[in-house]
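# Chains, contacts and geometry: an overview
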Amino acid sequence: MSYFNNKKNQVVSLFGLSFALFAFASPFVYAQEIQTITGVGSSFAAPLYQNWAASSIKETAIKVNYQPLGSSAGQNQIIAKTVNFGALDMPTSVEQLTENNLVQFPTAMGGVAVVVNLPGIKEHQLKLTGEIIADIYSGKITKWNDPRIVALNKELQLPAIDIAQIYRADGSGTTKVFTSYLVKQSDDWKKTYGSNTSIAWPVGMGARGNASVASMVKNISGGIGYVEYAYALQNHLNTAQLKNVAGDFVTISEGTIQAAAKAADWLHAKNYDVDLIDTKGEDAWPIVSATYILVPAYNHKSQDVTKFFKWAFTKGDAIATKLHYIPLPIVVKEKIEKTWEYAGIAAGSSQIKKIK
Amino acid sequence: MMPLKKSNHRSEKKIIPLFFSGMTWFSSVLILLIFLGLILELFGQGQLAFSTFGFDFLTNEVWNPVTKQFSARAALIGTLVSSFIGVMIALPVSFGCAYCLSEILPKKVAKYITAATQLLAAIPSIIFGMWGFFVVVPGMANYVQPFLKWIFGDVPFLQLLFSGGTFGIGILTAGIILAVMITPFITAVMQEAFSNTPAMLKESAYSLGATRWEVMHHVTLPWVQKVVVGGVVLGWGRALGETMAVTFVIGNAHHAGWSLFMPSNTIASLIALEFPESAAGSLKMSSLMALGSVLMLISFIVLFCSQFLLRQVFKTR
């Protein structure tokens, strides 16, 4: 008997244990059921999204699979609905959004730095204006000791060497932002070249990607180029001061980009299509842009996307700053959450059922 | 029983060769079909560009995504010139290298150098690109280009080839990188051909008192001619389609001028650069496809010319 009792006890306790384990573990199992969301697009924002994804997965149980294939790929693929979100370095047109039933919101901002390689000129010493940059890139100014540059920089000894204009040879949002700035600064530029992800550059040479532009400027004496702020910092490039709308010469930094963001009219911009170029702040850096996300409205998967970005907006600022992206102002984040609710894609929203 | 067994054996004898010949037919037709499909797809996708720009697509120089005007001339010339420079540099170098390895150097030494050249062929092109960018470009900017300018700067016509800023980037640099990349290919092909020249032929020539130069010129070279041309075409083909390494050093500008120092573009690098940011179905995407078909056409022409050249050479004999 005792043997049987023993055996019975063993069986019972084993059952009990496994029950207890199951009861104890199951909530965790359910909570940790990992959802995967896929996104493609902006290569500029890729380090940010990948870092956010790695840090958020424990809390949100959302795995983000992000492929930096370029802004156009992001737009193409979200329209084709082959991914859960598309990432773009520029806002999409209202027609595109309504036609494809998409919601657009910004995630972070960045500044574009004008970098130079000039022998004998120290960091942040060179002063430039938008007009002069436009004339440099259109080939009207070809030497660094051009009288117009000298007039701005009387205290500097500018060398008499050729200017090597360096641009992005691949289509890129950075080029779009930079040429939009030149369009605002120079009527000639506006008429002749315009702004786009890639344009018909009259002079100079192209390099592939931000990193390549940075190393080309580093490599070529007399070079001038434009890169995202983070790349200028990482490569210890010499950034030039630019004259902003307020008439001040400002150096690019987190502070001056933030100043530009604060001066922008976020709350009245439709679909967050806000103009961050040449904003009217005293310390505002003139070449700033936001990077955007496109998601389908009234979609279950979009709720996972917003859950991820909700985490990013509340806990991801430190990561963004560390990677030299500029977090959005709080008012913008609040507005974005309202947009999500309107579109029925805020995490946990029940609006999807109502519509369908 | 016997006849049955015999017939079985016979049918087996028939089936296996039939199966084998069917397989070979299938494979060769499949290759042809894939090739045809590739051509049709490229031309079909490029149709929009061809119909929009017509023949101007080949002759114009504009590449302006803002006004949606696209044309191939700059990239076309860049492709041809850079690959031509590459072949022109690579040909004598690999000839000398192959001859030296197979005829002059002792076998034990040649073995190691052969392994080294083969290793050079196995290096990924992006490594060549980085090496070109960080080592060749500064060297060109500081020494080679100023030197060429100093020599040819005042010579009429030639000065056109060496005008412009000495930034180290441009068609000439791209050609040099390409030469380094295709040299191992051409060398390997030539070396194979040299070592396949019948020793008896060479020995008879030597026994008649021919010098090394005479043997090379009158015996080895005629014998290997066809293979040499084949090797050059192989190398040229690689130079035409090379993307990564060229993108690093050519400057990626849509210009086609006389100067070898000017930044330019090749078809392959232009496609690689612009593809990711082109919307599907757009005129730009179609133009890139059209560029692809132009590149394919060039490779065809190069191949055809080499075959033609060979036939002419053999006819005269």
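Predicted, not measured: the structure shown is a model, and the values here were computed from it.

Reading guide: rules and limits
Residues numbered from 1 in each chain as written. Chains lettered and ligands numbered in written order. Predicted model: local features only at pLDDT ≥ 70, side-chain atom pairs only at ≥ 80, totals over all residues. Heavy atoms only, no water. Helix = DSSP H or I, 4+ residues; strand = E, 2+ residues; numbered from the N terminus. Rg over C-alpha atoms; globule rule 2.2 N^0.38 Å. Buried < 20%, exposed > 50% of the residue type's maximum accessible area, 1.4 Å probe, protein only. Contact = heavy atoms within 4.5 Å. Areas by Shrake-Rupley, 256 points an atom, 1.4 Å probe, with all protein chains shown as cover. Domains from an automatic or database assignment. Buried area = accessible area lost by both parts, 1.4 Å probe. Salt bridge = Lys/Arg side-chain N within 4 Å of Asp/Glu carboxyl O. Polar contact = N/O pair within 3.5 Å; in protein donor to acceptor, adjacent residues only side chain to side chain. Nonpolar A, V, L, I, M, F, W, Y, C, P; charged D, E, K, R; others polar. Pairing = 2+ DSSP bridges. Phe/Tyr/Trp six-rings, centres within 6.5 Å; stacked < 30°, edge-to-face > 60°. Lys NZ or Arg CZ within 6 Å of the ring centre and 35° of its normal. Core = buried A, V, L, I, M, F, W, Y, C linked by side-chain atoms within 4.5 Å. UniProt positions renumbered as here; feature names shortened; annotations may be inferred.

## Description of the overall build of chain B
What chain B contains, in helices and strands, is 12 helices and 2 strands. When the helices and strands of chain B are placed in sequence order, the string is α-α-β-β-α-α-α-α-α-α-α-α-α-α. In summary, chain B has a C-alpha radius of gyration of 25 Å against a globular reference of 20 Å for 317 residues, an excess of more than 25%. Judged by the C-alpha coordinates and their principal axes, chain B covers about 85 × 60 × 40 Å. The buried share among the 317 residues of chain B stands at 41%. The contacts of chain B with a sequence gap of at least 6 include a subset with a gap of at least 24, amounting to 73%.

## Side note on the overall build of chain A
Secondary structure summary: chain A contains 15 helices and 12 strands in total. For chain A, the residues scored as buried account for 53% of the 356 residues in total. Expressed as a percentage of contacts within chain A between residues at least 6 apart in sequence, the contacts between residues at least 24 apart total 73%. Just so you have it, chain A exposes about 16100 Å², and 55% of that area is on carbon and sulfur atoms.

## Thoughts on the domain arrangement of chain A
Residues and elements named next belong to chain A. You can read the domains of chain A as domain 1 (34–109 + 290–342) and domain 2 (112–272). Placing a centre on the C-alpha atoms of domain 1 and another on those of domain 2 gives a separation of 28 Å. Of the roughly 1800 Å² buried between domain 1 and domain 2 on both sides combined, carbon and sulfur atoms contribute 67%. Contact with domain 2 buries area across many residues of domain 1, yet His324, Ile326 and Lys335 alone supply 33% of it, more than any other trio. Between the two partners, domain 1 and domain 2, sit 0 salt bridges. Linking domain 1 with domain 2 are 9 residue pairs in polar contact (both at pLDDT 80 or more), by the criterion used here. Counting residues per element, the ones that place at least two in the side of domain 1 that touches domain 2 are helix 4 (94–99), strand 4 (102–116), strand 12 (288–296) and helix 14 (330–342). No other element matches the 5 residues that helix 14 contributes to the side of domain 1 that touches domain 2. Considered class by class, the residues forming the side of domain 1 that touches domain 2 number 17 nonpolar, 4 polar and 2 charged.

## Here we look at the pairing of strand 8 (residues 223–228) of chain A
All names here are of chain A. Counting buried positions over the 6 residues of strand 8 gives 6, a clear majority of the element. Of the pairings in the sheet, the one linking strand 6 (residues 164–168) to strand 8 comprises 2 bridges and is parallel in character. Its bridge partner being in strand 8, Ala164 is matched across the sheet by Gly223.

## With respect to the packing of aromatic side chains
Describing an aromatic ring pair means giving the distance of the ring centres and the angle of the ring planes. Following the criterion strictly, the structure yields 35 aromatic pairs over all chains and no others. Between the aromatic rings of Tyr167 of chain A and Trp201 of chain A, the centroid separation amounts to 4.7 Å while the plane-to-plane angle is 10 degrees, which identifies the pairing as stacked. Of the two residues, Tyr167 of chain A sits in strand 6 while Trp201 of chain A sits in the loop between helix 8 (187–192) and strand 7 (205–207), which places them 34 residues apart along the sequence. There is no split in this pair, since Tyr167 of chain A and Trp201 of chain A are both buried. Relative to Trp150 of chain B, the ring of Phe147 of chain B has its centre 6.2 Å away and its plane inclined at 40 degrees; by these criteria the two rings are tilted. Placement of both Phe147 of chain B and Trp150 of chain B in helix 5 (residues 125–152) is noted, with a separation of 3 residues, approximately one turn of the helix. Three or more aromatic residues joined by ring pairs form one cluster here, namely Tyr49, Trp52, Tyr66, Phe85, Phe105, Phe308, Phe309, Phe313 and Trp340 of chain A. We note Lys127 of chain A situated over the ring of Phe249 of chain A; from NZ or CZ to the ring centre the distance is 5.5 Å. Directly above the ring of Tyr112 of chain B sits Lys111 of chain B, whose terminal nitrogen or CZ lies 5.6 Å from the centroid.

## Digging into the nonpolar core
Residues and elements named next belong to chain A. Ranked by size, the top nonpolar core spans 164 residues in total, and within it Trp52, Leu126, Leu128, Tyr137, Ile149, Trp266 and Phe309 carry the most contacts. When residues of this core are assigned to domains, at least three map to each of domain 1 (34–109 + 290–342) and domain 2 (112–272). In contact with Ile149, not counting residues within four places along its chain, are Leu126, Leu128, Ile132, Ile136, Ile141, Lys143, Trp144, Leu158 and Ile163.

## Overview of the UniProt feature "transmembrane region" (unreviewed entry) in chain B
Mapped onto the present numbering, the UniProt feature "transmembrane region" (unreviewed entry) falls at residues 75–101, 113–137, 157–182 and 288–310 of chain B. Secondary structure over residues 113–137 of chain B splits into 92% helix and 0% strand, and the C-alpha atoms at its two ends are 27 Å apart.

## Focus on the UniProt feature "domain: ABC transmembrane type-1" (unreviewed entry) in chain B
Those residues carrying the UniProt feature "domain: ABC transmembrane type-1" (unreviewed entry) are residues 76–306 of chain B in this numbering. In residues 76–306 of chain B, helix accounts for 78% and strand for 0%; the two terminal C-alpha atoms are 20 Å from one another.

## Details of the side chain of Gln104 of chain A
All names here are of chain A. Relative to the helices and strands, Gln104 is located in strand 4. At 2.7 Å, the side chain of Gln104 and the backbone nitrogen of Thr92 are in polar contact. Looking at Gln104, its side chain comes within polar contact range of the main-chain oxygen of Asn271, at 2.6 Å. Not counting residues up to four positions away in its chain, the partners in contact with Gln104 are Pro91, Thr92, Leu97, Asn271, Tyr272, Tyr292, Ile293 and Leu294.

## Regarding the pattern of salt bridges
Counted under the stated rule, the structure contains 13 salt bridges over all chains. With its nearest N and O atoms 3.8 Å apart, the salt bridge here joins Lys301 of chain A to Asp304 of chain A. Taken together, the positions of Lys301 of chain A and Asp304 of chain A, both in helix 12 (residues 300–315) and 3 residues apart, correspond to about one turn of that helix. Judged by relative accessible area, which is 15%, Asp304 of chain A ranks as buried. Glu274 of chain B serves as the salt-bridge partner of Lys284 of chain B, at 2.9 Å between the closest nitrogen and oxygen. Taken together, the positions of Lys284 of chain B in helix 12 (residues 283–315) and Glu274 of chain B in helix 11 (residues 267–274) put the pair 10 residues apart, joining distant regions of the chain.

## Some thoughts on helix 9 (residues 209–219) of chain A
Summarising burial for helix 9 of chain A: 8 of the 11 residues are buried, a large majority. The complete set of buried residues in helix 9 of chain A reads Gly209, Asn210, Ser212, Val213, Ala214, Ser215, Met216 and Val217 of chain A.

## As for the interface of chain B and chain A
Counting residues at the interface gives 26 residues for chain B and 36 residues for chain A. Summed over both sides, the interface between chain B and chain A buries roughly 2300 Å², with carbon and sulfur atoms accounting for 54% of that surface. Among the residues chain B hides against chain A, the three largest losses belong to Phe167, Leu273 and Glu277 of chain B. Together they make up 30% of the total. At the boundary of chain B with chain A, the tally comes to 0 salt bridges.

## Looking at the sheet that holds strand 5 (residues 127–128) of chain A
All names here are of chain A. In space, the 3 strands of this open sheet follow the order 5-10-11, with mixed pairing throughout. Here the strands that pair on one side only, and so sit at the sheet edges, are strand 5 and strand 11 (249–250). Bridge count for strand 10 (residues 241–243) against strand 11 is 2 bridges, and the pairing is antiparallel. Note on strand 11: the bridge partner recorded for Leu242 is Val250.

## As for the pairing of strand 6 of chain A
For a regular strand, side chains alternate in direction, first toward one face of the sheet and then toward the other. Residue and element names in this part refer to chain A. Counting buried positions along strand 6 yields 5 of 5 residues, so the element is predominantly enclosed. Bridging between strand 6 and strand 7 involves 3 bridges; their strand directions are parallel. Across the sheet, residue Ile166 finds its bridge partner in strand 7, namely Met205.

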